[in-house]
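Summary of structural features
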Amino acid sequence: MKISVLNGSPKGEQSVTMQYVFFLQKKFPQHTFSIQHVAQRLGKLERDQAAWQTVCDDVAAADGVLWAFPLYYMLVHAEYKRFIELIWERQAQKAFSGKYAAALSTSIHFYDHTAHNYIQAICEDLGMQYVNYYSADMHDLAKAKERQTFLRFAEHWFDAIAQAKPTLKAFAPIQANAMTYTPAPASPAVKNAGHKVVIVTETTDTQTNLGRMVAQLRQTFAQPAEVFDLAQVDMKGGCLGCIRCAYDNVCVWDAKDGYHEWFDAHLKTADILIFAGAIRDRYLSARWKMFLDRSFFNNHAPALMGKQIGYLVSGALSQQHNLREMLQAYAELQRSNFAGIVTDEVSSSAELDAQIQAFAEHAARCADQQHIQPTTFLGIGGQVLFRDAIWSDMRFVFQADHRFYKANGFYNFPQKKYHIRLLNLLGAVLMKIPAFRKRFYSKEMIPGMIRGLQKVVAEA
Ligand SMILES: Cc1cc2nc3c(=O)[nH]c(=O)nc-3n(C[C@H](O)[C@H](O)[C@H](O)COP(=O)(O)O)c2cc1C
């Protein structure tokens, strides 16, 4: 069989993910693997039609397509995202349609599920037969047991191709949202004195719904909001994945463009931060993704801590739960308040005007109160995963993170709760006594769970 591998790492052959592909190549000599470094060579693919056609021909001639990529900010690298956009822009869907696909990622399992959901949805939109995914931890290949699991995954996929097995579907096609937003003149009624509002948008073009939503929100605040169009932000290229920023947050791009300086000067100083984007395939645009990837110079520290973070989204977000989850998670992981998402999925312009007004009022009120609502699993899960990783395997490399986590009390390991440890020790002994155990579970436990809370209610 011929397998076309679409490499999503900006590091090309030096990629962790590619080592997994090279391993498959050795283990299955009966199959031919051709590897296309689409993320690393994206510039050439955009400029050079012949190079683009070579990739499409390779996919068209394949029996199976392997989407092999590293995780980048809950998704794929910006250049891989751009490659996916080009498939539609250049009407190359035919090369992919009907092919048996699988996805292979390497990561530290931080939001790997959202990236895999994205790739599966893209496969289904392209009419591919998506079989399965393999989400490897970076170093899994070094473990014998994981290698066996990985080989089984590949065998299942090859068998599905050979036997033309039916595949399971997970994502319904998106029904486009056709509403045209015509805002009524907004009055600058929302008081935001003392709070800097920054809107980062993919476009300010008022021919688009998004451009009009941005303009409307901007006018809603009494103190003018600063608006930055991502097309104008000085980003000369995408994240290279070199991790040189890990020691001291200095990015290799710092000498070449103004992104880092802009981020520090305008985003870190904002109180209310609104991100605005239009849905493109199953995410926002590749430019938006590049903005996120480049913010990795902050490593795993929440550089936008304590702010109000909200979104304006143009497009059918209600049909894209995966994207909604990533947007909310981003705000929570920044330890900021998730101030909500306004979309243009409304029945009238007046309704959208009212939503934008309410959204601005809510964000300003929360900023006044420095309100941060409780973090859900989306934030807590990520915080715990990063805490453990930075403290252990990743500390040597990510020294800037380690300093930040230490200084900000992020190493909140449960082992440090000495009174709980003492309680657990005593509890373990007492629970061995049948009479105590019986009484505890039948009479003490449920009242005990609410005793402290009842006291608060009584005193309220
Ligand atoms: C900018 C950037 C963003 C990343 N985002 C994630 C992420 O969201 N989740 C995760 O688990 N790992 C993330 N990683 C870690 C990489 O996915 C991981 O190191 C991967 O194995 C690199 O693969 P590669 O060598 O094939 O490029 C990120 C790394 C970088 C540099």
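The structure we're discussing is the one just above.
First things first, this report covers the structure right here in the doc.

Criteria and thresholds
- Residues numbered from 1 in each chain as written.
- Predicted model: local features only at pLDDT ≥ 70, side-chain atom pairs only at ≥ 80, totals over all residues.
- Heavy atoms only, no water.
- Helix = DSSP H or I, 4+ residues; strand = E, 2+ residues; numbered from the N terminus.
- Rg over C-alpha atoms; globule rule 2.2 N^0.38 Å.
- Buried < 20%, exposed > 50% of the residue type's maximum accessible area, 1.4 Å probe, protein only.
- Contact = heavy atoms within 4.5 Å.
- Areas by Shrake-Rupley, 256 points an atom, 1.4 Å probe, with all protein chains shown as cover.
- Lys, Arg positive; Asp, Glu negative; His and termini not counted.
- Charge placed at Lys NZ, Arg CZ, Asp CG, Glu CD.
- Phe/Tyr/Trp six-rings, centres within 6.5 Å; stacked < 30°, edge-to-face > 60°.
- Lys NZ or Arg CZ within 6 Å of the ring centre and 35° of its normal.
- Axes fitted to C-alpha atoms, helices over the stretch in contact; angles between N-to-C directions.
- Parallel < 35°, antiparallel > 145°, perpendicular 65-115°, else oblique.
- Nonpolar A, V, L, I, M, F, W, Y, C, P; charged D, E, K, R; others polar.
- Pairing = 2+ DSSP bridges.
- Near = heavy atom within 4 Å.
- Polar contact = N/O pair within 3.5 Å; in protein donor to acceptor, adjacent residues only side chain to side chain.
- Domains from an automatic or database assignment.
- Left-handed = near helix turned anticlockwise from the far one by under 90°.

Right, let's talk about the overall build of the chain for a bit. Of the regular secondary structure elements, the chain holds 16 helices and 10 strands. The C-alpha atoms of the chain give a radius of gyration of 25 Å, which matches the 23 Å a tight globule of 460 residues would have. When the backbone C-alpha atoms are referred to their principal axes, the chain occupies close to 75 × 70 × 45 Å. Residues classed as buried in the chain amount to 50% of the 460 residues present. For the chain, contacts bridging at least 24 residues in sequence account for 82% of all contacts bridging at least 6. When the accessible surface of the chain is summed, it comes to about 22,200 Å², and 56% of that surface belongs to carbon and sulfur atoms. Side-chain charges in the chain split into 49 positive and 43 negative, and the spacing between the mean points of these groups amounts to 9 Å.

Turning our eyes to something else, we now look at the environment of glycine 340. Along the chain, glycine 340 turns up in strand β10 (residues 337-343). With residues near it in sequence (within four places) discarded, glycine 340 still touches Ile309, Gly310, Tyr311 and Phe359.

Time to look at the packing of aromatic side chains. If you walk through the whole model with that rule in mind, you get 36 aromatic pairs. With 5.3 Å between their ring centres and 45° between their planes, tyrosine 134 and phenylalanine 153 make a pair best called tilted. Here the residue tyrosine 134 occupies a position in strand β5 (residues 129-137), and phenylalanine 153 occupies one in helix α7 (residues 144-162), the gap between them amounting to 19 residues. In this pair, the class of tyrosine 134 matches that of phenylalanine 153, namely buried. Through a chain of ring-to-ring contacts, three or more aromatic side chains come together here, namely Phe228, Tyr259, Trp262, Phe263, Phe275, Trp288, Phe291, Phe297, Tyr311 and Tyr330. Above the plane of the ring of tryptophan 253 lies lysine 256, whose end atom (NZ or CZ) is 5.5 Å from the centre. The ring of tryptophan 391 is capped by arginine 395, whose NZ or CZ atom sits 5.2 Å from the centre of that ring.

This paragraph deals with the packing of helix α4 (residues 78-89) against helix α10 (residues 286-294). At a minimum axis distance of 8 Å, the contact between α4 and α10 shows a crossing angle of 175°. One element, α4, and the other, α10, form an angle in the roughly antiparallel class. Contacts from Ala78, Glu79, Lys81, Arg82 and Glu85 in α4 reach Ala286, Lys289, Met290 and Asp293 in α10. Looking at the contact of α4 with α10 residue by residue, the class counts come to three nonpolar, no polar and six charged.

Attention now goes to the pairing of strand β9 (residues 308-314). Counted residue by residue, β9 has seven buried out of seven residues, so it is predominantly covered. Neither face of β9 is exposed, since Gln308, Gly310, Leu312 and Ser314 on one face and Ile309, Tyr311 and Val313 on the opposite face are all buried. Taken together, the seven bridges between strand β8 (residues 272-278) and β9 define a ladder with parallel strand orientation. Pairing of isoleucine 272 across the sheet is with glutamine 308, part of β9. Direction of pairing for β9 relative to β10: parallel, over a ladder of six bridges.

Near the ligand, the surroundings consist of 20 residues, among which Ser9, Ser15, Val16, Thr17 and Thr106 are the closest. Here methionine 74 contributes a backbone N or O atom positioned 2.9 Å from an oxygen atom of the ligand. A distance of 2.7 Å is found between an oxygen atom of the ligand and a side-chain nitrogen or oxygen belonging to threonine 106. For the ligand, whose unbound accessible area comes to 650 Å², protein coverage reaches 92%. Elements represented by at least two residues in the shell around the ligand include exactly α1 (16-27) and β4 (100-107). Residues lining the shell around the ligand come from more than one domain, with at least three contributed by each of domain 1 (2-162) and domain 2 (197-377).

Let us now look at the packing of helix α11 (residues 321-333) against helix α13 (residues 377-391). Viewed as axis vectors pointing N to C, α11 and α13 meet at an angle of 60°, and their least axial separation amounts to 8 Å. The angle between α11 and α13 places the two elements in the oblique class. Once α11 is placed against α13, the crossing between them reads as right-handed. Two secondary-structure elements touch here, α11 through Glu325, Gln328, Ala329, Glu332 and Leu333 and α13 through Leu378, Gly379, Gly382 and Gln383.

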